[in-house]
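Observations on the three-dimensional arrangement
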Amino acid sequence: MKILIPPSEGKNTNINTNIIYSNIRSKNTFYFLEEYRDLIFRYLENMNKLKKSEIEKILSVKGENLDIALKSNMNIKNSECIQSKELYTGTMFKYIDYKNFNVKQTDFYDENVIIFSGLFGLLSPKDFIPNYKLKSNTTLPNFKKIDIYWKNIITNYLISLQKKELIIDLLTNTHRNMYDQKKCNTFKIDFYEQKNNIIKKSGHNSKKYRGIFINEIIKNKVSSFTELKKISIDNLYFLDEKSDESKNYSYLIKEK
């Protein structure tokens, strides 16, 4: 089984490992993507030549945060790294709670989770990467929209992967645009909430329950669709009317 998950905007800025990306990247899981990453790196290295207003629009940040993001992006190859599972600090990753996994659970997490990234394309939780700022739906002027840039590359990889693996898609809609869903046999999981008798896709709460759900998959070492359906979590209910066993598996969030 492979589990596709999004990254997070929140990142660990306290990196003090003396592990430099250019020295470690050949040991990362998806090293075959480096030639594609390099094209984006080269673009970002020269971003300071753009107008400040253009950079703000591209990176979706302003002020001090813009200076930090620009500095990080312009020096990717020579920056210090930590494992991606330690870099991302958003809500979903807090609820994945990998730091409390035992050794076997950690190994299962590292080997089966694939993180989608606008800058790196695909990442393993154990891959070493530096801090950066680039959303997957960003359009780089005179280059490409990031999700379009990665789409064929990731689609081809998933097509080869699905021949031997069950692929569980726990991505956001934004990150699902990074691959061709019609060509890939992935099993999508979505979260919904009911308000005023209307069922809608969940917003911020989905980050929490996505993390909880992933935590359960890892702790139970789920490896089949049958095992996946047996997962039971408080306040999370299988939603028949939104589910289709061939492609989609939906849950309704009911907060206490």
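In what follows, the structure referred to is the one given above.
Note that the coordinates shown come from a computational prediction; the quantities given were computed from them, not determined experimentally. (Residues numbered from 1 in each chain as written. Predicted model: local features only at pLDDT ≥ 70, side-chain atom pairs only at ≥ 80, totals over all residues. Heavy atoms only, no water.)

What to know about the environment of Pro-6
The criterion, for reference: Each helix corresponds to a stretch of at least 4 residues labelled H or I by DSSP, and each strand to a stretch of at least 2 residues labelled E; elements are numbered beginning at the N terminus. Note on contacts: a residue pair is in contact if any heavy atoms of the two residues lie within 4.5 Å.
Structurally, Pro-6 can be placed in the loop between β1 (2–5) and α1 (21–24). Taking the C-alpha atoms as reference points, Pro-6 and Asp-169, separated by 163 residues in sequence, lie 9.5 Å from one another. The contacts of Pro-6, once residues within four sequence positions are left out, are Met-92, Phe-93, Ile-115, Phe-116, Leu-170, Leu-171, Thr-172, His-175 and Arg-210.

Topic: the pairing of strand β3 (residues 113–117)
Applicable threshold: Burial classification: accessible surface area is computed with a 1.4 Å probe over protein chains only, and a residue below 20% of its type maximum counts as buried, one above 50% as exposed, and the rest as partly exposed. Two strands pair under a simple rule: DSSP has to find at least two bridges between them.
Counting buried residues along β3, five of its five residues qualify, which places the element largely inside the surrounding structure. Neither face of β3 is exposed, since Val-113, Ile-115 and Ser-117 on one face and Ile-114 and Phe-116 on the opposite face are all buried. Direction of pairing for β1 relative to β3: parallel, over a ladder of three bridges. In the strand pairing of β3, Ile-3 is matched with Val-113. Pairing geometry for β3 and strand β4 (residues 121–123), over three bridges, is antiparallel. Paired with Ser-117 across the strands is Gly-121, a residue of β4.

Overview of the packing of helix α7 (residues 103–112) against helix α10 (residues 205–219)
Threshold: To obtain an axis, a line is fitted to C-alpha atoms, over the contacting stretch when the element is a helix, and the angle between two such axes runs from 0 to 180 degrees between their N-to-C directions. Crossing handedness is defined as follows: a turn of the near helix away from the far one that is anticlockwise and smaller than a right angle gives a left-handed crossing, while the clockwise case is right-handed. Asp, Glu, Lys and Arg are counted as charged, while Ala, Val, Leu, Ile, Met, Phe, Trp, Tyr, Cys and Pro are counted as nonpolar; the rest, among them Gly, fall into the polar class.
Between α7 and α10, whose axes approach to 9 Å, the crossing angle comes to 115°. Here α7 runs over α10; the crossing is right-handed. Of the residues in α10, those in contact with Gln-105, Phe-108 and Tyr-109 of α7 are Ile-217, Ile-218 and Lys-219. Tallied by class, the residues present in the contact of α7 with α10 amount to four nonpolar, one polar and one charged.

None of the figures reported here should be taken as evidence of function without further support.
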